[in-house]
Amino acid sequence: MKTVIRNHGRYLLFIILASFVLILPQLLTKGMILGSDAVFHYNRFYDTAMQIKEFNFQHFVSMYGFQQTGRIVNALYGPLFAYIQGILILLSPSWFGYQVLSCFLIYFLSGISMYTFLQKGQIRHSLSCAGAIFYLTTFSIQYWTMRQGFSSWGAALLPLCLLPIIDMATKKDFNWLQLSILTSLMFQTHVFSSLILILIYIPFFLYAWLYSDRKSKLVLQLAQAIGLFLLLTLAIWISFYFVYSGNTIADPFINLHMDRSVITRNSIYWVFTPGFLGVLLITQLIFTPLLWKKMSTLNRLMTGSMIFFLILSTNIVPWKHLQGKDIYIVELIQFPFRFFVPVTVLLIFLSCYTYQHYVHQSTTKKLLVTLLLVASVGQTMMTTYHILQNWVDEKQMIMTGKKHLFVRTNDNQKLKAAVHTRDFSEFLQLVEKSTPDYLPIYQDNPLNKYNQYEKYVLNNPHKFKKTVKNHRLVVEWESNTTDMLDVPVINYERTELTLNGKALQKDDLRLTKIGTIQVQSKIGHNELVLTYNGSRQVLYPIIFSLISWVIALTFLIKQTYKKTKSA
């Protein structure tokens, strides 16, 4: 530990300082940035926060977030990381406090991740620190600050998760325990980013295998890594089985305009956030053929991977002809600009390597690098400040389209107060969005699922009281008739419903096409209790998976300590 502090301490302090500087605009303005994905993710994290706070755990259905509808989201979308974010909410005094804290943490995590990756690649300390701080200013990380795009958390971990590729290229070997833990960590955080990670691993592993004289050993290590990966992510696989085996699930947003979501069209800002990133990319592409013969195998593999993902992020791929054809892998991609995240990570590594090995060092050039870094941080701060002014001046307080978004107040001061209060539910009641991801689909449903969610949940005219008791969602209402009533809760195959003390069977209720229920009320007070059959069954895989995490991390820490001590 003393050696780490002595060798890296001041550079870690620079990363912490840069992280703090980048959140200064928000601290000074007291403004919020509510991007296109804010409402969705804040509902996810509020749900886990309240489960922890009230010790009312329910792995599958949302009992606090998403209008307390009992819909399934977190079980299919990074559950472990959602609970970590829930803890951050409990540590925060308000949504404003959470946003500032989460931004600081993603900056710090991204910086440490990139610094570690560059150090592994033998980049000198000061240049590694500069590359790490520069990474914070790219849109790969700013996507969370500006729009609450969750792929930024995957981007924050990506450099760290690329540590194994350096050993694959230089030693034709890898630490299978490290590989498995890092892949599992990414999978627990952001599934799409884990798919990108695996795509990066493939050419490096193939190179190591082809040129190794211990091919069988590498295959065995890969099998061990895959086996441990399945153990560390067991709860997610069980959750997918429970949910998808008995339901037809609405896929996340399918982008029918993927050809616009590329860096060569509407998303060109990915290349110029900050502006110097575009200069780095063009420079590296120009110098690549000139330096190709001098490049190490590691750099050649990285360059090939970078160009591959760069092509995927542009319209060189005929996205316009692939979209809307019911091709699952294309629908999963959603936004091709997300392929620019690995481009950014690999570009920073290659640029640092090129500068260190092929550029004559001088005080003037070091000063220039420092000025460019300061300018990049300054550009990011100015961009953040400009966006925050929309909140401060009440011009555009929510930075997203108004389609399918419902703001339940015309009083901007009330909205501002809602993000500064300790009652986190207040903001989620004022700002709602009809995102239909992971709803069950009954019958052939060509209708707009957003509109259906608005009709049956957000704009339901009846008054309901919803509480959580003993890990169950309790819905109460008063009725003057015995007519069928639309109750804004979601029914899945394993959902269990009890109305006025009687367990409901399929024949006792009607279902809308998005799974909300219609039941026959009695005159007077009615009580519906919702739970999910599977919560207890998944408890043992969760415990087993957590124990596996503890054991695996313990062994990895011991390995790292021994290696550091002997170095």
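Before any of the text, the structure's been laid out above.
About the thresholds
- Residues numbered from 1 in each chain as written.
- Predicted model: local features only at pLDDT ≥ 70, side-chain atom pairs only at ≥ 80, totals over all residues.
- Heavy atoms only, no water.
- Pairing = 2+ DSSP bridges.
- Helix = DSSP H or I, 4+ residues; strand = E, 2+ residues; numbered from the N terminus.
- Patch = residues over 30% accessible without salt bridge, like charges linked within 9 Å, V, L, I, M, F, W, Y side chains within 5 Å.
- Areas by Shrake-Rupley, 256 points an atom, 1.4 Å probe, with all protein chains shown as cover.
- Salt bridge = Lys/Arg side-chain N within 4 Å of Asp/Glu carboxyl O.
- Buried < 20%, exposed > 50% of the residue type's maximum accessible area, 1.4 Å probe, protein only.

A.B. asks: Give a description of the sheet that holds strand β6 (residues 495-499) that names residues and reports values.
C.D. replies: One open sheet accounts for five strands, arranged β3-β4-β10-β6-β7; its pairing is antiparallel. Because the sheet does not close on itself, it has two edges, and the strands there are β3 (465-469) and β7 (502-503). Where β3 lies against strand β4 (residues 472-479), five bridges are found, and the strand directions are antiparallel. Each bridged residue has a counterpart across the sheet, and for Lys466 the counterpart in β4 is Val475.

A.B. asks: Requested: an account of a nonpolar patch on the surface, with residues and values cited.
C.D. replies: On the surface, Val191, Leu195, Ile198, Leu199, Ile202, Leu206, Trp209, Leu210, Tyr211, Val219 and Phe308 cluster together into a nonpolar patch covering about 950 Å² of accessible area. Mapped onto the secondary structure, Phe308 falls in helix α14 (residues 297-312).

A.B. asks: Tell me what's going on with the side chain of Gln284, and back it up with residues and numbers.
C.D. replies: Counting through the fold element by element, Gln284 comes out in helix α13 (residues 275-291). Its relative accessible area of 4% is what places Gln284 among the buried residues.

A.B. asks: Lay out the pairing of β6 with the relevant residues and their values.
C.D. replies: Residue alternation in β6 divides its side chains into a buried set, Thr495, Leu497 and Leu499, and an unburied set, Glu496 and Thr498. Bridge count for β6 against strand β10 (residues 524-532) is five bridges, and the pairing is antiparallel. Note on β10: the bridge partner recorded for Thr498 is Val529. The sheet contact formed by β6 and β7 spans two bridges and is antiparallel. Paired with Leu499 across the bridge in β7 is Lys502. Linking β6 to β7, which pair antiparallel, is a turn of two residues; within it Asn500 sits at a positive phi near 50 degrees.

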